[in-house]
Amino acid sequence: MAKLDSKVPEGPIAEKWTNYKAHQNLVNPANKRKVDIIVVGTGLAGGAAAASLGELGFNVKVFCIQDSPRRAHSIAAQGGINAAKNYPNDGDSVYRLFYDTVKGGDYRAREANVYRLAEVSNNIIDQCVAQGVPFAREYGGLLDNRSFGGALVSRTFYARGQTGQQLLLGAYSALSKEIKKGSVELFTRREMLDIVKIDGKARGIIVRNLVTGELERHGAHAVLLGTGGYGNVFFLSTNAMTSNGGAAWRAYKRGAFFANPSFVQIHPTCIPVHGDYQSKLTLMSESLRNDGRIWVPKKKEDAQKIQKGELRPTQIAEEDRDYYLERRYPAFGNLVPRDVASRAAKERCDAGHGVGNTGLAVYLDFKDAIERLGRNVIEARYGNLFQMYEKIVDENPYETPMMIYPAIHYTMGGTWVDYELQSTIPGLFVGGEANFSDHGANRLGASALMQGLSDGYFVLPYTMQNYLADQITVPHFSTDGPEFEQTEKEVQERIDKLFAVNGDETVDSFHKRLGHIMWDNVGMARNKEGLEKAITEIQQLRKEFWQRVKVPGEKTGMNVELEKALRVADFLEQGELMALDALTRNESSGGHFREEYQTKEGEALRDDKNFTHVAAWEYMGDDKPAKLHKEPLVYENIEVKQRNYKTA
Amino acid sequence: MDLKLKIWRQQGPDAQGKFVEYLVQNISSDASFLEMMDILNEELVAKGEEPVAFDHDCREGICGMCSLYINGRPHGPDTAITTCQLHMRKFKDGETVVIEPWRAKPFPVIKDLMVDRSAFDEIIQAGGYVSVNTGGVPDANAIPIKKENADLAMDAAACIGCGACVAACKNASAMLFVSAKVSQFALLPQGRVEANNRVENMVAKMDVLGFGNCTNTYACEAVCPKEISITNIARMNREFFVAKIS
């Protein structure tokens, strides 16, 4: 059986990446144009990698599911991007960013990858400024920083509340430059439905043209997935509607191991659920926790009156408010990491102190900040977020505290990759949220943008070249070969099978039912009994799906219901693996909270002796259980201890 | 609330389109406009009919994918938002709501309410970037930039490329979109190096693609979900003039 080789280079941690680059294989400029690369996804990882590989001279084909590469969901990231620049002179360093990220991830990330991430973080900011990204600046003309959860320094660069948008548009502009030059060919409104392997190596993909409905074959010397996470397994999440884990799931079914599927991030500051017709949840940036204070009523009677609409939050006296994060975690206060903040909100609501008409909300209050800084300053910092909130909830957050509740936001788990970001399928690389690598069991705020761009601009253009160096004599691939033929046939059969069901229940209805099972049992708090129940229920639901799902319309031409059905069919398999992974990991770590494993104070209790490893799952066939492989995590540069956000 | 919807249905780019009427009932005023469309589509699918095709993705007003011309106005009857942020509390019980695609020659209909906006990508490809490659760039703080200019550049850069400006304009002009990108770079030292070529190439591309000219009706600014200012068009005209005489 394949052994997991992380390929971490030798040497002290601070020299590993430098050593790797000094000794890696390169492709000479004249040979680069003989090599084809497929990039799926145009978010920060995919977009940045496609542009950078094109600049180097490779032939790149890039695919996106939307009508333009500028719309990938990276665009929705709000708060900022971390870097160890130490511009504010407040004690930051590459080591400290590395340390905070490993600690924030609850000691379940690979040290060498995280160190490299911290190391290249500064290059990202330089690159983006050179591209014309309009980061926030001070009056002296230099870049401004703010603080984010899980750090004691201000290392977050931002562009108002639209940092993801501006960084993505930077990558999109670099990509547009390469498209104009002809080094990158763009394919929009395409969804990847399978990976084509030849002699065990990834050599192409099958995509569905979402406008014509045709299946297309594309071949290349290597394939890169930058296809994002699988948060939409839960139906309701902050992800975009088309965000799906399908590409990574198809890679899994072709032999790429899937790592830590149960590590899902539940973001503490989202607008609470308001009705069963709701299609998605909206995030309110973590940056709001810089100035907003989180509280619930101290007295249950007050909470109940608020729930019934008999009392307004502004009528609760100061001494009757419980600023529970400041109370429980004095050192970090409202800026504890996301998993800690989410669980604390759930704990208060479960104890009957929640607000809103469902009792499933807490307050995020700007009263003190507005008094201290003035409304203008708060408006300049968060104006667009306040406006977004008001449009959705119909309340003015300058006057009434915002209501927030945790929601599914990001997946730390993903395709297992080695130090080169290569999966267990040779030639298949995975970047950004789609891989599992850098965030362990919990991602810190403003680190997703950092990782996406690090992978895309500064890691993959090197490591893919190392792989491609001995491929220069391999001719361009014809897509007429038997492997392409067979894979396309299998995709077509999957589509035919969906139409053949001709049942009576809509795709969305199944998706919602799956979402309920996931949220109730594989969400913020998990236990053995619930996870076992979830596995049985998902298996049952999957069976029902294949007997009763209704997919109207034609196989050819545009068919949105078919697109959704293909994704939900994958989610119905993926959800089971997530539950299985959560059931197998008998400890609590980061976003994975098993109720059986907690300290007396209700904090996550890790089991380092038995679970300091990456759980990488191998697909063994539709009817067989997935096989677990463990990559041990070795900490040589950071002392592993219980996370403490109570004292500095 | 109950609503009567008049929705534009069109099988494909070359097919003849027409309005079709639908009734939706018991819609919560807290639902978003696109959630109301989801409810309609669920009902259509349950009846075995084909759902209405429309573009959408992030559903929080930032990706620029959603469109829809609602009661004669791009993104509907509210200001400074996209269709996905529009909520049903802006409509009255019993109201008739007319829903059309963006209508502009450079944005052909793909199906129903979905249009092809790849012309915008082509304009960006004509010069909407700074020609720097990855790596080898100076430190981010090497060139100080006046805060006022950085803020103005950010105001312009906030454009989400949705195309509402084109849909609102009687000339189907893309000047607000193009000028936002031209302005962002014109205001920053990193963008100045190629300023002349950029504005000439982007304007030329815009003309070739069939977008009309600006006749100062300000309709674009009025419907822009990100409130991109018309002053960007003035800046672009200045940049264009300077490029032509230099």
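Computed from a predicted model, the values in this text were never measured in an experiment.

**Quick word on the pattern of salt bridges**
All names here are of chain A. This structure, assessed with the given rule, holds 79 salt bridges over all chains. Arg155 serves as the salt-bridge partner of Asp92, at 2.8 Å between the closest nitrogen and oxygen. Here the residue Asp92 occupies a position in the loop between β3 (81-82) and α4 (94-104), and Arg155 occupies one in the loop between α5 (111-131) and β4 (156-157), the gap between them amounting to 63 residues. Here the two residues Asp92 and Arg155 agree in accessibility, since each one is buried. The shortest N-O distance in the salt bridge between Arg327 and Asp322 comes to 2.9 Å. We classify Arg327 as partly exposed; its relative accessible area is 48%. Connected via shared salt-bridge partners are Asp106, Arg108, Asp339, Arg343, Arg585, Glu587, Arg606, Asp608 and Arg643.

**Here's the deal with the pairing of strand β8 (residues 215-219) of chain A**
With four of five residues buried, β8(A) is to be regarded as a mostly interior element. Between the end of strand β7 (residues 201-209) of chain A and the start of β8(A), which pair antiparallel, lie five residues, with Gly213(A) showing a positive phi angle near 80°.

**Side note on the domain arrangement of chain A**
Residue and element names in this part refer to chain A. For chain A, the assigned domains read domain 1 (269-409) and domain 2 (485-609). Each side of the interface is counted separately: domain 1 has twelve residues, and domain 2 has eleven residues. Between domain 1 and domain 2 the total buried area reaches about 830 Å² when both faces are included, carbon and sulfur atoms providing 59% of it. Counting every contact that joins domain 1 to domain 2 gives one salt bridge. Arg328 is the salt-bridge partner of Glu603, the closest N and O atoms lying 3.2 Å from each other. Joining domain 1 to domain 2, the criterion identifies five residue pairs in polar contact (both at pLDDT 80 or more). For the side of domain 1 that touches domain 2, the elements supplying multiple residues, two or more each, are α10 (338-350) and β15 (402-411). Residue classes in the side of domain 1 that touches domain 2 are distributed as six nonpolar, one polar and five charged.

**Brief notes about the pairing of strand β11 (residues 264-270) of chain A**
All names here are of chain A. Counting buried residues along β11, seven of its seven residues qualify, which places the element largely inside the surrounding structure. In this structure, β11 lies alongside β15, joined through five bridges in antiparallel fashion. Within β15, the position partnered with Val264 by the bridge is Thr411.

**Some remarks on the packing of aromatic side chains**
Residue and element names in this part refer to chain A. The full count for this structure, using the stated rule, is 33 aromatic pairs over all chains. Ring centres 6.2 Å apart and planes at 85° place the aromatic pair Tyr252 and Phe258 in the edge-to-face group. Take Tyr252: its relative accessible area is 4%, and that puts it in the buried class. Here the aromatic rings of Phe545 and Trp546 are separated by 5.4 Å at their centres, their planes lie at 90°, and the arrangement is edge-to-face.

Calculation rules
Residues numbered from 1 in each chain as written. Chains lettered and ligands numbered in written order. Predicted model: local features only at pLDDT ≥ 70, side-chain atom pairs only at ≥ 80, totals over all residues. Heavy atoms only, no water. Salt bridge = Lys/Arg side-chain N within 4 Å of Asp/Glu carboxyl O. Helix = DSSP H or I, 4+ residues; strand = E, 2+ residues; numbered from the N terminus. Buried < 20%, exposed > 50% of the residue type's maximum accessible area, 1.4 Å probe, protein only. Pairing = 2+ DSSP bridges. Domains from an automatic or database assignment. Contact = heavy atoms within 4.5 Å. Buried area = accessible area lost by both parts, 1.4 Å probe. Polar contact = N/O pair within 3.5 Å; in protein donor to acceptor, adjacent residues only side chain to side chain. Nonpolar A, V, L, I, M, F, W, Y, C, P; charged D, E, K, R; others polar. Phe/Tyr/Trp six-rings, centres within 6.5 Å; stacked < 30°, edge-to-face > 60°.

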